[in-house]
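# Tertiary structure, described
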Amino acid sequence: MPELPEVETVRRGLQPVMEGALIVRLEQRRADLRFPFPPDFAARLTGRRITAMGRRAKYLLADLDDGMVLVCHLGMSGSFRIEPDGEEALSPGVFHHPRSKDDRHDHVVFHLDGPAGRARVIYNDPRRFGYMDLLPRDALAEHPWFRGLGIEPTGNSLDADELARRLAGKTAPLKAALLDQRIIAGLGNIYVCEAMWRARLSPLKPAGRLVTKSGQPRVSLQRLAVDVRAVISEAIAAGGSSLRDHIQTDGTLGYFQHGFSVYDREGKTCPRPGCGDTVRRVVQSGRSTFLCPRCQKE
Ligand SMILES: [Zn+2]
């Protein structure tokens, strides 16, 4: 499953080709992915211009000139590739394992005429857990997929004061609170583990203890807000990563084993200078948490 940095990397790869482009033609090669496509999907997209290429949590959002938004979720194995006229295919996003190029799994083809010239943008998804829909922009925030989603872990809206408001009084372990999509949208297991290690915080600590009685963020929460943003922005810069691809790694694109400090490093030495303790794995709510018991006592 792609994590948020990977989806953001895909968005950045698609933006120069899709933003401002006219959808000349759309090929929809099956009736459904994880869910059925909306009625008249191809006809409703044909002739529309894409005005903006955005993202909310792990959803890609292509705003259209008729007030609708093409919403796309990559599911487990979805990917896009760009085929400019007369050039070799490009896949936006650096994936840990090569994405499928088997054209039997090409389900949607956007024929575009845009600022970057004519191009095809192809959605490929072997397992078909991805999905697309067309939703009105002015009702997007109230749609079940988006209603109640927390703040984005990218950008400065995630700051200590905002987190203090959201964590105050919470008795859930910090790990569970950080994975709660109603608090922070799109933050996954890998980056939660990394941020807690960096901020030297125990994943077992009740989340509300990072907030004072009067509702102010403690110094530890100020540190955590900075570290959550940092691990996400560094991962975006590195081209994203994905749990599934990590498991299937063939070693050819191994940059991010070195990029993680604790995630999936059980039994290895904590990389913090002067620590020397061993990374441990514990299970919380059925999911692995990787931590350094010496660094993460607070
Ligand atoms: Zn350590």
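Above: the structure in question.
The rules behind each value
Residues numbered from 1 in each chain as written. Predicted model: local features only at pLDDT ≥ 70, side-chain atom pairs only at ≥ 80, totals over all residues. Heavy atoms only, no water. Helix = DSSP H or I, 4+ residues; strand = E, 2+ residues; numbered from the N terminus. Buried < 20%, exposed > 50% of the residue type's maximum accessible area, 1.4 Å probe, protein only. Contact = heavy atoms within 4.5 Å. Areas by Shrake-Rupley, 256 points an atom, 1.4 Å probe, with all protein chains shown as cover. Core = buried A, V, L, I, M, F, W, Y, C linked by side-chain atoms within 4.5 Å. Polar contact = N/O pair within 3.5 Å; in protein donor to acceptor, adjacent residues only side chain to side chain. Donors = N, O, S within 2.8 Å, 3.2 Å for Na, K, Ca; no water. Tetrahedral: all angles 85-135°; square planar, octahedral: opposite > 155°, others 65-115°. Phe/Tyr/Trp six-rings, centres within 6.5 Å; stacked < 30°, edge-to-face > 60°. Lys NZ or Arg CZ within 6 Å of the ring centre and 35° of its normal. Pairing = 2+ DSSP bridges. Axes fitted to C-alpha atoms, helices over the stretch in contact; angles between N-to-C directions. Parallel < 35°, antiparallel > 145°, perpendicular 65-115°, else oblique. Left-handed = near helix turned anticlockwise from the far one by under 90°. Nonpolar A, V, L, I, M, F, W, Y, C, P; charged D, E, K, R; others polar.

Once that is clear, we can look at the overall build of the protein chain. Scanning the protein chain for helices and strands turns up 8 helices and 10 strands. Counting the 298 residues in the protein chain, one finds 52% classified as buried. Within the protein chain, contacts between residues separated by at least 24 positions form 67% of all contacts whose residues are at least 6 apart in sequence. Total accessible area on the protein chain is roughly 13500 Å²; 50% of this is exposed by carbon and sulfur atoms.

Formed by 43 residues in total, the largest nonpolar core has its most connected members in L174, Y191, L221 and L224. Of all the secondary-structure elements, those providing two or more residues to this core are helix 3 (160–167), helix 4 (174–179), helix 5 (189–198) and helix 6 (219–237). The leading source of residues in this core is helix 6, at 8 residues. Among the nonpolar cores identified, the runner-up in size contains 31 residues, and V10, L33, F41 and L74 belong to it.

In this section: the side chain of E162. If you trace the backbone, E162 turns up in helix 3. At a separation of 2.9 Å, a polar atom in the side chain of E162 contacts the side chain of R165. Discounting chain neighbours no more than four positions away, the residues touching E162 are I151 and S157.

Here we come to the environment of W145. Inspection of the secondary structure assignment puts W145 in the loop between strand 8 (131–136) and helix 3. Leave out the neighbours within four places in its chain, and W145 touches F35, Y59, V71, Y131, D133 and L135.

Looking at the zinc ion, the protein donor atoms are C270 (SG), C275 (SG), C292 (SG) and C295 (SG), and they sit 2.2 to 2.3 Å from it. Of note is the zinc ion, whose 4 donor atoms meet at the metal with angles of 103 to 113 degrees in an arrangement that counts as tetrahedral. Mapped onto the polypeptide sequence, the residues donating to the zinc ion form the spacing pattern C-x4-C-x16-C-x2-C. In this pair, C275 is assigned in the loop between helix 8 (255–259) and strand 9 (280–284) and C295 in the segment after strand 10 (287–291), connecting sequence segments 20 residues apart.

Here we come to the packing of aromatic side chains. Under the defined criterion, the tally for this structure stands at 10 aromatic pairs. Measuring from centroid to centroid gives 5.6 Å for Y59 and W145, while their planes differ by 15 degrees, and the two rings are stacked. Pair noted here: Y59 is in strand 3 (residues 59–64) and W145 is in the loop between strand 8 and helix 3, with a separation of 86 residues, a long-range link. Note on Y59: relative accessible area 9%, which makes it buried. Between F260 and Y263, the aromatic rings sit 5.6 Å apart at their centres with planes inclined by 80 degrees, giving edge-to-face as the arrangement. As far as the burial class goes, F260 and Y263 line up, both buried. When the ring centre of W197 is taken as origin, the NZ or CZ atom of R272, which lies over that ring, is 4.2 Å away.

Looking now at the environment of L291. Among the secondary structure elements, L291 is positioned in strand 10. Measuring from C-alpha to C-alpha, the distance between L291 and E194 comes to 8.4 Å, with 97 residues separating the pair along the chain. Those residues in contact with L291 that sit more than four places away from it in its chain are P203, V262, T278, V279, R280, V282 and Q296.

A separate point is the sheet that holds strand 5 (residues 79–84). The pairing of strands in a sheet comes from backbone hydrogen bonds and takes either a parallel or an antiparallel form. One open sheet accounts for 4 strands, arranged 1-6-7-5; its pairing is antiparallel. Looking at the sheet topology across the chains shown, the edges are occupied by strand 1 (22–28) and strand 5. Going from strand to strand, the sheet's axes swing by 20 degrees on average, the running direction of each strand aside. Sheet analysis places strand 6 (residues 106–114) next to strand 7 (residues 117–124), joined by 8 bridges and oriented antiparallel.

Another aspect to go through is the pairing of strand 9. The side chains of a regular strand alternate, residue by residue, between the two faces of the sheet. Pairing geometry for strand 9 and strand 10, over 5 bridges, is antiparallel. Among the inter-strand pairings, V282 is bridged to a residue of strand 10, identified as T289. In sequence, strand 9 turns back onto strand 10 through a hairpin of 2 residues, with S285 there showing a positive phi of about 50 degrees.

One way to put it is that helix 5 packs onto helix 6 with a least axis distance of 9 Å and a crossing angle of 130 degrees. Compared by their axis directions, helix 5 and helix 6 come out oblique. Helix 5 and helix 6 meet at a crossing whose hand is right-handed. Contact residues: helix 5 offers Y191, E194, A195, M196 and R198, while helix 6 offers L224, D227, V228, A230, V231, I232, E234 and A235. Grouping the amino acids of the contact of helix 5 with helix 6 by side-chain chemistry returns 9 nonpolar, no polar and 4 charged.

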